[in-house]
Amino acid sequence: MSSERSSVTVLGLGMMGTALAGAFLAGGHPTTVWNRSAGRGDDLVGRGAVRAAAVGAAVEAGQVVVVCVRDYDAVRETLEPVSAALAGRVVVNLTSGTSQEARDLADWAAGHGIRYLDGAIMMTPQGIGTPEAVILYGGEQELFEETRPVLDRLGGGGTYLGSDTGIPALYDVALLDIMWATLNGFLHAVALVGTEKISATAFLPFVTGWLGGVTSFLPAMAEQIDAGEYAAHDATLETHLSPLGHLIHESRARGVDVDLPGRTKAMVERAIADGHAFDGYARLIERMRGR
Ligand SMILES: NC(=O)c1ccc[n+]([C@@H]2O[C@H](COP(=O)([O-])OP(=O)(O)OC[C@H]3O[C@@H](n4cnc5c(N)ncnc54)[C@H](OP(=O)(O)O)[C@@H]3O)[C@@H](O)[C@H]2O)c1
């Protein structure tokens, strides 16, 4: 896109679509918006967006068509009836889904002459347009570079992950995996200390400090995983087993659920039973891989 003021159409004005359209407006792009149901987008229109009555008219108004609806079924319901109008245009799909859904949609787009990029938004609507916004993209590199001046309006610079349109969705769930594991650990730990009337807020500074320490383990673990070499450089799996037992004992004694630590302990015990007692924690990757 040579012009920094390319026209943009946003399909879907839920919380995220509204934030995306707002960022394009803030960047000075002529912005057309469409939503399946009436009653959304008044604020955007007040800020200069044009509301299209039909998806076909919306698509025809934008050089770049950004789609952000509930799921890929909704994307197809929206795009398939207007495939002819989309031919030759750029479609950037920022709806969450699976890698297979993204690849299938990219194939469908290619079959209709639609220039397609897939993206995964790793940010809440409030963060769109800020430097902290993380959005991951996949698709033809030339198309990404061409569309970049528009996409950069969403903040953070955007990260291009390669030509495979399925990879952003895979990164999306993998990063959410880390988020849920961390949140679950936090909630369990807070339930534990809460049995002594220690509030979550009082415990929080210890958590944030500890998380920094835990993060510092990751580069060495990543190297071990990539090398397939798991020798313990700090603590062996056998050393991990004993405090895991303490965690389960302490939880049970206080009436706190032991499901999560129980699963971790079972993984460690299994690796030890398989002869890996003196390996480090990175050995558990083999279990995660289902081996
Ligand atoms: N919110 C976040 O923090 C966040 C973060 C990252 C990614 N995302 C992703 O962004 C996408 C949108 O999320 P959101 O937060 O904006 O959700 P939302 O507020 O619930 O809005 C959903 C949008 O999808 C539309 N929609 C649903 N079914 C449709 C269909 N069959 N045909 C056409 N439009 C349909 C809705 O239109 P109606 O008004 O007509 O129902 C609405 O515009 C999701 O894939 C979500 O996972 C969201």
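Because the structure is predicted, anything quoted here is derived from the model rather than measured. (Residues numbered from 1 in each chain as written. Predicted model: local features only at pLDDT ≥ 70, side-chain atom pairs only at ≥ 80, totals over all residues. Heavy atoms only, no water.)

Novice: Help me out: how do you make sense of the sheet that holds strand β6 (residues 115-121) in this one?
Specialist: Backbone hydrogen bonds hold the strands of a sheet together, and the pairing may be parallel or antiparallel. Reading across the sheet, the eight strands line up as β3-β2-β1-β4-β5-β6-β7-β8 and stay open at both edges, with mixed pairing between neighbours. Each end of this open sheet is capped by a strand with a single partner; those strands are β3 (50-51) and β8 (159-160). Bridging between strand β1 (residues 8-11) and strand β2 (residues 31-34) involves four bridges; their strand directions are parallel. Counterpart to Val-10 in the pairing with β2 is Val-33. Taken strand by strand, helix α7 (residues 141-151) contacts β1, β4 (64-67), β5 (90-93), β6, β7 (135-139) and β8, and its axis lies near 60° from that of β6. (Pairing = 2+ DSSP bridges. Helix = DSSP H or I, 4+ residues; strand = E, 2+ residues; numbered from the N terminus. Contact = heavy atoms within 4.5 Å. Axes fitted to C-alpha atoms, helices over the stretch in contact; angles between N-to-C directions.)

Novice: Just to check I follow, could you spell out the environment of Val-173 for this structure?
Specialist: Looking at where Val-173 falls in the secondary structure, it is placed in helix α8 (residues 167-194). By relative accessible area, Val-173 is classed as partly exposed at 45%. Separated by 98 residues in sequence, Val-173 and Ala-271 have C-alpha atoms that sit 26 Å apart. (Buried < 20%, exposed > 50% of the residue type's maximum accessible area, 1.4 Å probe, protein only.)

Novice: What is the right way to read the site of the ligand from this model?
Specialist: Around the ligand lies a shell of 22 residues, among which Met-16, Asn-35, Ser-37, Arg-40 and Ser-96 are the nearest. A distance of 3.3 Å separates an oxygen atom of the ligand from a polar atom in the backbone of Leu-13. With respect to the ligand, the backbone of Arg-70 contributes an N or O atom lying 3.0 Å from an oxygen atom. More than half of the atoms of the ligand fall within 2 Å of the grid points belonging to the second largest pocket. Of all elements in the fold, only α1 (15-26) and α4 (72-79) reach the threshold of two or more residues within the shell around the ligand. (Near = heavy atom within 4 Å. Polar contact = N/O pair within 3.5 Å; in protein donor to acceptor, adjacent residues only side chain to side chain. 1 Å grid on protein atoms, 1.4 Å probe; cavity = no way out; pocket = protein on both sides within 12 Å on 5 of 7 lines; lining within 4 Å. Sits in = over half its atoms within 2 Å of the grid points.)

Novice: I tried to follow the layout of surface pockets on my own but got confused; where do I start?
Specialist: A volume near 2,500 Å³ is recorded for the largest pocket. Lining the largest pocket are 47 residues; nearest its centre among them are Ala-181, Thr-182, Val-214, Thr-264 and Tyr-281. For the lining of the largest pocket, the secondary-structure elements that each account for two or more residues are α8, α9 (200-215), α10 (218-227), α11 (237-253), α12 (259-273) and α13 (285-288). Here the lining of the largest pocket gets 13 residues from one element, more than from any other, and that element is α8. (Points joined across faces, edges and corners; volume = space filled by probe spheres on them.)

In short, the description is geometric, and any link to function would need to be established separately.
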